[in-house]
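Chain residues, written in single-letter form:
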Amino acid sequence: MLMDRRSQTTAKDQGDFHGDVLISRDVAGFVLRETVHEAALRVPRHSHEHAHVAFVLRGNFIEQCERTKLECQPLSVSYLAPGMTHSDDFRNGAQSLLIEIAPQRLAAMRELLTLTDPFFVNGGVPALLLMRLYAEARQGDTASSFVVEGLTLEVLAEVARWN
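Residue positions within a chain follow its written sequence, with the count starting from 1. Thresholds applied to this predicted model are a pLDDT of at least 70 for local features of residues and 80 or more for the giving and counting of side-chain atom pairs; totals over whole chains, interfaces and linings are not thresholded and use all residues. With hydrogens and water set aside, each side-chain value is computed from the structure's full complement of heavy atoms.

Asks: Quick one: what's the story with the overall build of the protein chain, residue by residue and with numbers?
Replies: Counting its regular elements, the protein chain contains 3 helices and 10 strands. The way it works is that DSSP assigns letters per residue, a run of H or I at least four long becomes a helix, a run of E at least two long becomes a strand, and they are numbered from the N terminus. Scanning the protein chain from its N terminus toward the C terminus, one meets helices and strands in the order β-β-β-β-β-β-β-β-β-α-β-α-α. Categorising residues by exposure relies on relative accessible area from a 1.4 Å probe, with only protein chains included: less than 20% of the type maximum marks a residue as buried, more than 50% marks it as exposed, and the intermediate range marks it as partly exposed. Across the 163 residues in the protein chain, those meeting the buried criterion constitute 49%. In what follows, residue pairs with any heavy atoms lying within 4.5 Å of each other are defined as contacts. Put simply, 71% of the contacts in the protein chain that link residues at least 6 apart link residues at least 24 apart. Method for areas: the Shrake-Rupley scheme with a 1.4 Å probe, in which residue coverage is limited to the protein chains shown. For the protein chain, the accessible surface area stands at approximately 8000 Å², while carbon and sulfur atoms represent 53% of it.

Shown next as structure tokens:
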């Protein structure tokens, strides 16, 4: 499972994200959450306090980010910087892996990587890395924390390369 805390998540564990958190794991300044957004959920314009990567596992939704309409489907990867205003339409429902980045971790990475603009891709290397990350994060053993951290850094490096 994605839980390092070895307990069920509660509403406060979901941060400022909507939807139901199935499992959660906190590793080295990254919080990984597997979430489900029910069909017909529409989230009006909002922003998140922390930067995050979203990886669609099942279903689909539309994310409106400034002037860009993103059609998120399985294997879609997106990155939003903190404070980026957007809306979400989960008309058909979706299940995703969200990676929230702690401010101090993001600040340290920004010295080497440009992570300010929104990013979106369907498939490609970022999706392959996120599939590995999702599988590894569900392992839950002590060694998996190192792999989770490394793969998360690799995902963010790919996002910065494509951005």
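Back to the write-up after that little detour.
Asks: Report on the pairing of strand β8 (residues 86-90), specifying residues and quantitative values.
Replies: The side chains of a regular strand alternate, residue by residue, between the two faces of the sheet. When you tally the buried positions in β8, you get 5 out of 5 residues, the bulk of the element. Neither face of β8 is open: one carries H86, D88 and F90, the other S87 and D89, and all of them are buried. By this definition, two strands are paired if DSSP reports at least two bridges between them. Here strand β3 (residues 41-46) pairs with β8 via 4 bridges, running antiparallel. Bridged to V43 within β8 is D88.

Asks: Outline the confidence of the model for the protein chain, supporting the account with residue identities and numerical values.
Replies: Summary of the metric used: pLDDT quantifies the predictor's per-residue confidence within the range 0 to 100. Per-residue pLDDT for the protein chain has a mean of 82; in total, 89% of the residues score no lower than 70. Mean pLDDT across the elements of the protein chain bottoms out in β3 (81) and peaks in helix α2 (residues 124-137) (93).

Asks: Could you give an account of the sheet that holds strand β5 (residues 61-65), with specific residues and numbers?
Replies: The strand order across the open sheet built from 4 strands is β3-β8-β5-β6, with neighbouring strands paired in antiparallel fashion. Of all the strands in the sheet, just β3 and β6 (68-72) have a single pairing partner and so form its edges. Each strand axis lies, on average, 10 degrees off the axis of its neighbour in the sheet, ignoring direction. Pairing geometry for β5 and β8, over 4 bridges, is antiparallel. Looking at β8, one finds that I62 is bridged to D89. Axis lines are fitted through C-alpha atoms, for helices just across the contact stretch, and the angle between N-to-C directions can take any value from 0 to 180 degrees.

Asks: Outline the pattern of salt bridges, listing residues and values.
Replies: Whenever a carboxyl oxygen of Asp or Glu lies within 4 Å of a side-chain nitrogen of Lys or Arg, that contact is scored as a salt bridge. Taken as a whole, this structure holds 6 salt bridges when the rule is applied. The salt bridge involving R105 is made with E149; its shortest N-O contact spans 3.0 Å. Taken together, the residues R105 in helix α1 (residues 103-110) and E149 in helix α3 (residues 144-162) connect sequence positions 44 residues apart. On the basis of relative accessibility, which here comes to 18%, the residue R105 falls in the buried class. Note that E158 is salt-bridged to R161, the shortest N-O span being 2.9 Å. Taken as a pair, E158 and R161 lie in helix α3 at a separation of 3 residues, close to a single helical turn.

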